[in-house]
Amino acid sequence: MTWSWAWPWWRLCLSLISMLIWHAPCAHLQPAENVNYNLVHSWADKLGMELFHLGDFITRRKEVQESFKDAKVVQRVGASIVDSMAKEIEMLMDLKVSAVRRIMDTSENTALSHQNDMADKMFSYYNAKEMLEPGDPVPPIPTPAPDMDKDIGEPLIYVQPKVVVLEPRPEFHNTPVNFSVSSVHVPVNVFDRAPDVIKAIQWSENLDQIFRDNYKNDPTLSWQFFGSSTGFMRQFPASKWKKDVPIDLYDCRLRSWYMEAATSPKDIVILMDGSGSMLGQRLDIAKHVVNTILDTLGTNDFVNIFTFDKEVSPVVGCFEDTLIQATLGNIRELKVGIENFGPKSIANYTAALTRAFEILEEANSTSRGAQCNQAIMIIGDGAPENNREVFELHNWRDPPYKPVRVFTYLIGKEVANWDDIRWMACKNQGYYVHLSDTAEVREMVLNYIPVMARPLVLGRHDHPVIWTQVYADIEDTKLSDHLWEIKQCEEQKADVLEYWQVHDRMLEPSEMHRREYRRIKETWNQPVDSNVYQFMTTVSMPIYDRRENATRIANILGVAGTDVPINEIKKLLSPFMLGVNGYAFIVTNNGYVLFHPDFRPIFQGYILKPAYNSVDMIEVELLDDDRPARDFNPVLMTIRDSIINQSTGSKWMLVKNHFDEMKRVTRIKRQYYWTAIKNTPFTLVISYPEQYGVTRIDIRSEQDIHRVNIKGTNIRSFFDGKRWKIHPDWLFCKHSNRTFRTPETELLYFLERMTEPGWRWPASRSAMPPEHTAAMFCDRQLMQALVFDAGVTEWFSKNSSFNSKEDKRNEFKQRFGVTVAFLATHSGLTRWHEFNLAEEPSVGETFSQKNKRAIDEIWYKRAVDQHFVRAESFVYSVPFDAVESNSEIFVTASHAIFHNEGGKSAPAAVVGFQFQHSALYKLFHNITGNACAVDDKDCYILDNNGYVIISTRVHETGRFFGEVNGAIMKRLLEENVYKRVFVYDYQAVCFESRGDNNASSMLLSPLYHVLRLSRWLLHTALWYIVQLMQLAPGVSAHYAEMYSDMNGTEPEPEHHQNGHGKKSETEEHWLRYLTLHRTRVKSCDMQRELYTLYNEKDNVVYNMTAHACERPFVVLPIPFSNLILLVVDQLCPRDAALVLTVNPQTIDYHLSVNDSLACYKHAREFNRVRPQSCISRHANESNIKLCGKACSLYANLALLLLCHILSRWL
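Residues numbered from 1 in each chain as written. Predicted model: local features only at pLDDT ≥ 70, side-chain atom pairs only at ≥ 80, totals over all residues. Heavy atoms only, no water.

**Some points on the overall build of the protein chain**
How we decide: Counting from the N terminus, the helices are DSSP H or I runs at least four residues long and the strands are E runs at least two residues long. When accessible area is computed with a 1.4 Å probe and restricted to protein chains, residues below 20% of their type maximum are described as buried, those above 50% as exposed, and intermediate ones as partly exposed. Whether two residues are in contact is decided by their heavy atoms: any pair within 4.5 Å suffices. A 1.4 Å probe and the Shrake-Rupley method give the accessible areas. Residues count as covered only by the protein chains that appear here.
In terms of regular secondary structure, the protein chain is built from 35 helices and 42 strands. Per-residue burial for the protein chain yields a buried fraction of 56% across its 1210 residues. A sequence separation of at least 24 residues applies to 77% of the contacts in the protein chain between residues at least 6 apart. Summing over all exposed atoms, the protein chain offers an accessible surface of approximately 52100 Å²; the carbon and sulfur share of this is 52%.

Structure below.
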């Protein structure tokens, strides 16, 4: 009786002890069979076989391989390819130079013949910002008539805008244009009715004929233009100016193509007066002068800025006593430095001038800087003496030649000491300007350009040909700050509206993390290919005033130029000849890339990076040498020197290639070849992988298109139906005088022409100068390969090929949810075959719109790389944002087809298919049974870069496994399942707080003042809107209806705690949280830790069993794939706080407090080659006495008034 009573208690005690032991960390030793190695092995084998049989049947890969049996494998000769491509580009660029030269000659002759014409202030021209199209409303004539303009001295003139017919043209990116006339852009700070401006507009209208002739001779020409020294730009064909920016900042005289053509490279030292009198408006004007000078400099110029009071100090401490290259990044650093400057005490002009001369002399003696023109620019409110002794010592040693020009800018309305500062400029072949208002700064500063151009003009006959660095068409990098400001305002607005919808749920840690991650992720959006901006280089030449009386002032009329879009150059590069994972790029004399497959100039999808066009080639060619960031390999530096010196050479290198949004990486050995593009500062470089790039597929002579036609075969029939596409960016054939709706339509046109008698292949894809114009041109090798590929794969898109196996086809379709099978060939052809599941006829078309770039598609590249891991395998992938997209997830599988001949092999094509992720999950569940559905085990399928393909928790699909389970990912690294690869991003952007003075207020311009006012109005309006939403029932009801919560219930408005308007703590908390901390964009370096599978065969880790909590997992490769199967014992404890991520992390260079990345890079400068042209002196220049005066400015009256008010109000 006693035992029976005690037994239940005894059992209870045993149970409690068992539970304590069970849950004690690692106190229980589960047998290894908790994750049974043999069972997991059987799962992996079965899953691999199922998927492989599916892919084998759906893609018909063996039939595809058999189709290429008649092709041959030939050697790829890199030296011959790069030489051929360079010659094609050279022909293209010679054509552009010829066109610009004709514009230049015509401009000089036309100006000479119209020198006695009178300026007609009522002259009507096509103003790009005012001209109308038929049907546009005519603006009313201003009434009453405007009063006398006190600044101009005569009534303002109104001329009715001209009407022009515009038509969108694809070769101009669908911009509406007119090929009969040119249009004129006038900057906001230039008065178009001023005598010298309107006269130049009058005579330059005669350039329309040469513009039309140029375009007729070379229909590949892009925009042609004449930039006048008076400020306007005449552009052909005529088009309206963009109006989707708040303020038109464009001035052709500040563009690199104008500045570099008008002046030879220059070294400039800017001296800014730091005396106590430089306060208030004087300081604002002085800073604006400095910023405008900086805007006129390009990558072939060198500069530094010093402020001087009792001491002479650089505005950027780390730049010290050196000249720095005027890249966008360095210019931005200088602008931030000058913005932080404040005046102190008495200015020591003697010390400042001595320091400037010493820096310029040091640059000459050490062969640093531009080694051409040199100038000192002094900005102050008066000098106490003329410092004649300093000039005699440093600048007057070799009369009449004076190596350093001096430009002086006298600041202030009422200044007494003007004669000495003017004397400095006049006695040193410079120019003097007196400034009293910010509105006149730009025009007055630009007066230094014609002065530095005097040696060019006096020489007359030498017209240097200038090629610019890559740039974004008419965009101004100042707008990047403005666009980022707008972006932050939009985010704050979204936060307020979201808070009204969900209230305090926004303040939950998980929700705050989600919002923060989403916004950071947006900043990582750095597309390589974007249609937001049109990137180009420009060729330009200076235009001289050849009038006899002009020699006394050596006047430059302007600059002629034409754009060369980067995409047009790329079309000449024959990517087909380089093959999969091969590419070409161009490097400038400064070592910067003109274009490169890893050139990423924008972020957020549409904002230009601060230093987007000064990306060095060694910053995108990442050697696989495990060196720390910016510790560049000497071998790479040697190759770079050879390239910028325009030598010819070749070299193998081990590199790291990242791709797929910089989330995957391959380590590969590549061959590089390079050669100069003659008559330009550019060098062409090509590269392809050693493993499969040294050979390529070619056709046999009997497969030539002409011979196939003779046999009676209709090559047009190879392209029947609609289930095919060609690479949209490749140049197959081109008609100079016709445009086509799609690349496929254009191809069909040429296929028809090829069947006609007398067809001959054009000798070159570029016309040979002088203007041997061909209406059509083709890439013969590419077209031959394309027609061959189309012929041997014609069967792929036809349903009839499946008829004999219809039952099995339907079985696979139902089991795996296959939607499309596809084929892409090395010649740029893509075919597909649809498997409609739910009567979705557009599934194939949807696939083709996103996957039409053949060898440039990621699934193509990965399949070819995987071939050398295991030839009989497929590569599987899912989108990284699979769950976030809220749409059905599809798995993409691809497999490379290699053709073998005589012991050599080459990639011929890639086949693949897409199927539903849910079907793969179901297959996995059927194979594993319920073993992975219980709480004690987690099962994952990971790809070769560590991303989740299958998880028991579907929301983890597409994520990096290190973010899901960092502890196990760390173990996989330690056991050599994966290898970590560090990838450096030298084009990254970061964001620094704008709580200090380092704001974009450096844009001391009307735009800056407008932004300040707008920001204040926005903040005030936002606060009142919030209060209105909290207090007004009607408004609350309206917003509640628009933004109701998920349950459809209206949130209760929160009332104030008292009647005095005091905000509750909750209101203050959310307001503090939702008020964004304003930031400004800056360049920075980042690194990503990416991962790849160890591909060694028979990796011992795959033979290791689980061992309790010491090794709580089993990992095995899934046969015939790029996948691994990972089964983890969830009962073992793990460090949940450990997270491994592939997201970028800022690189810490351990800089001092005042240093920046620009300082770090300046201390590690690379070699560069100076431009060949340098014209810095002329014997007759000493006869020119014009050296400036205080001038009034013809400007837009409204702009002057606005700037005048804002400069005093804000």
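**With respect to the nonpolar core**
So the rule is basically this: Among buried residues, the Ala, Val, Leu, Ile, Met, Phe, Trp, Tyr and Cys ones that are joined through side-chain atoms within 4.5 Å form a nonpolar core.
One finds Y409, Y448, M754 and L972 to be the most contacted residues of the largest nonpolar core, which totals 298 residues. In terms of residues, this core owes the most to one element, helix 4 (residues 78-113), which gives 13 residues. Ranked by size, the runner-up nonpolar core spans 32 residues in total, among them L271, F306, F308 and W396.

**Some thoughts on the packing of helix 2 (residues 37-59) against helix 28 (residues 917-928)**
Spelled out, the test is: What counts as an axis is a line fitted to C-alpha atoms, over the stretch in contact for a helix, and the angles between N-to-C directions run from 0 to 180 degrees. With respect to orientation, any angle under 35 degrees is reported as roughly parallel, any angle over 145 as roughly antiparallel, any angle of 65 to 115 as roughly perpendicular, and every other angle as oblique. Crossing handedness is read from the near helix: turned anticlockwise from the far helix by less than a right angle, it gives a left-handed crossing, and turned clockwise, a right-handed one. For this scheme, ten residues count as nonpolar: Ala, Val, Leu, Ile, Met, Phe, Trp, Tyr, Cys and Pro. Four count as charged, namely Asp, Glu, Lys and Arg, and the remainder, Gly too, count as polar.
Interhelical geometry of helix 2 versus helix 28 gives an angle of 140° and a closest axis separation of 10 Å. By the angle between their axes, helix 2 is oblique relative to helix 28. The two elements helix 2 and helix 28 cross, and the hand of that crossing is right-handed. Contacts between helix 2 and helix 28 involve W43, K46, L47, E50 and L51 from the former and L920, L923, F924, I927 and T928 from the latter. Residue composition of the contact of helix 2 with helix 28, by class: seven nonpolar, one polar and two charged.

**Some points on the environment of I858**
Tracing the chain through its elements places I858 in helix 27 (residues 858-867). Classification of I858 by relative accessible area gives partly exposed; the value is 30%. Sequence spacing of I858 and N581 is 277 residues, and the spatial spacing of their C-alpha atoms is 9.7 Å. In contact with I858, not counting residues within four places along its chain, are F659 and D660.

**Comments concerning the pattern of salt bridges**
Test applied: Counted as salt bridges are all cases of a side-chain nitrogen of Lys or Arg within 4 Å of a carboxyl oxygen of Asp or Glu.
Per the counting criterion, the structure on display carries 55 salt bridges. A salt bridge links K240 to E133; the nearest nitrogen and oxygen atoms lie 3.7 Å apart. Pair noted here: K240 is in the loop between strand 8 (233-236) and helix 7 (256-262) and E133 is in the loop between helix 4 and strand 2 (148-149), with a separation of 107 residues, a long-range link. When its relative accessible area of 31% is taken as the criterion, K240 is described as partly exposed. E974 serves as the salt-bridge partner of R971, at 3.9 Å between the closest nitrogen and oxygen. Taken together, the residues R971 and E974, both in helix 30 (residues 966-974) and three residues apart, mark about one turn of the helix. What makes R971 partly exposed here is its relative accessible area of 23%. Overlapping salt bridges, with partners in common, bring together D251, R253, R442 and E443 in one network.

**A word on unusual backbone geometry**
P237 follows F236 through a cis peptide bond whose omega is -5°. If you trace the backbone, P237 turns up in the loop between strand 8 and helix 7. Here P399 and P400 are connected by a cis peptide whose omega angle stands at 0°. The phi dihedral of H173 falls on the positive side, at around 60°, and the residue is not glycine.

**Details of the packing of aromatic side chains**
Describing an aromatic ring pair means giving the distance of the ring centres and the angle of the ring planes. The condition is simple: Think of it this way: a Phe, Tyr or Trp ring, Trp meaning its six-membered ring, pairs with another when their centres are within 6.5 Å, and the plane angle makes it stacked under 30 degrees, edge-to-face over 60, tilted otherwise.
For the structure shown, the criterion picks out 49 aromatic pairs. Pairing Y673 with Y688 gives two aromatic rings, centres 6.0 Å apart and planes at 35°, and the pair type is tilted. Here Y688 lies in strand 26 (residues 683-689) and Y673 lies in strand 25 (residues 664-676), a separation of 15 residues in the sequence. Of the two residues, Y673 and Y688, neither departs from the other in class, the shared state being buried.

**A short note on the state of the cysteines**
For clarity, the cut-off: Whenever a pair of cysteine sulfur atoms sits within 2.5 Å, that pair is classed as a disulfide.
All told, the structure shown has seven disulfides when counted by the stated rule. C372 shares a disulfide with C1174; S-S distance 2.0 Å. Looking along the S-S bond of the C372-C1174 disulfide, the torsion reads about 105°, which is the right-handed sense. Placement of the pair is C372 in the loop between helix 10 (349-365) and strand 13 (373-380) and C1174 in the loop between helix 34 (1157-1162) and helix 35 (1197-1209), with a sequence separation of 802 residues. On the basis of relative accessibility, which here comes to 10%, the residue C372 falls in the buried class. Assessed through its relative accessible area of 37%, C1174 is described here as partly exposed. Disulfide pairing is shown between C932 and C939; the S-S distance is 1.7 Å. Since a negative S-S torsion denotes a left-handed disulfide, the C932-C939 link at about -80° is left-handed. A residue is classified by how much of its surface remains accessible, and C932, at 6% relative accessible area, is buried. For C939, a relative accessible area of 0% corresponds to the buried category.

**Examining the sheet that holds strand 26**
The condition that has to hold: In short, DSSP must find at least two bridges between two strands for them to pair.
The antiparallel open sheet is built from five strands, whose spatial order is 21-20-26-25-24. Strands at the two margins of the open sheet, each flanked by one partner only, are strand 21 (593-595) and strand 24 (649-659). Each adjacent strand pair in this sheet contributes to an overall mean axis angle of 35°, direction not counted. Two strands pair when backbone bridges link them, and strand 25 and strand 26 are joined in this way by seven bridges, in the antiparallel orientation. Following the sheet pairing, W674 is matched in strand 26 by V685. Lying on the sheet, helix 4 is in contact with strand 20 (583-587), strand 25 and strand 26; it crosses strand 26 at an angle near 145°. Running over the sheet, helix 20 (residues 634-644) touches strand 20, strand 24, strand 25 and strand 26 and is turned about 115° from strand 24.

**Re the packing of helix 23 (residues 743-754) against helix 24 (residues 780-792)**
One way to put it is that helix 23 packs onto helix 24 with a least axis distance of 13 Å and a crossing angle of 95°. With respect to each other, helix 23 and helix 24 are oriented roughly perpendicular. On the side of helix 23, the interface is formed by L747, L751 and M754, while helix 24 contributes M783, L786 and V787. By residue class, the composition of the contact of helix 23 with helix 24 is six nonpolar, no polar and no charged.

**Examining the pairing of strand 14 (residues 404-411)**
We count it as follows: Crossovers are described as right-handed under a simple rule: with the strands pointing away from the observer, the path leading from the first strand over the helix to the second runs clockwise.
The element strand 14 is extensively covered by neighbouring structure, given that eight of its eight residues are classed as buried. Burial of strand 14 is two-sided: the residues V404, V406, T408 and L410 facing one way and the residues R405, F407, Y409 and I411 facing the other way are all buried. Across five bridges, strand 14 lies against strand 15 (residues 431-435) in parallel orientation. Note that in strand 15 the partner of I411 across the bridge is L435. In this fold, strand 14 hands off to helix 12 (residues 419-426), which returns the chain to strand 15; that crossover is right-handed.

**Quick notes on helix 9 (residues 328-339)**
The cut-off we apply is this: In this analysis, the expected span of each helix is defined as 1.5 Å times one less than the number of residues it contains.
With 12 residues, helix 9 ought to run about 16 Å at 1.5 Å a step, and its terminal C-alpha atoms sit 16 Å apart, in line with that. Of all 12 residues that make up helix 9, nine are buried, and the element is covered over most of its length.

**Here's the deal with the sheet that holds strand 37 (residues 948-951)**
Read from one edge of the open sheet, four strands run 37-36-41-40, paired in antiparallel fashion. Sheet topology places strand 37 and strand 40 (1113-1117) at the edges, where each strand pairs with a single neighbour. Averaged over all neighbouring strand pairs, the angle between strand axes comes to 20°, with direction disregarded. Contacts between helix 28 and the sheet are confined to strand 36 (937-942), strand 37 and strand 41 (1124-1129), with strand 37 contributing the most and set at about 55° to the helix. Across the sheet, helix 30 is in contact with strand 36, strand 40 and strand 41; its angle to strand 40 comes to roughly 55°.

**Describing helix 6 (residues 208-217)**
What counts here: Working note: the arc is built from the helix axis to C-beta atom directions.
Looking only at helix 6, the buried set comprises D208, I210, F211, N214 and Y215. Buried residues along helix 6 cover an arc of 165° about the axis, so they all sit on one side. Buried residues along helix 6 sit in contact with helix 4, strand 4 (167-169), helix 5 (195-204), strand 7 (224-228) and strand 8.

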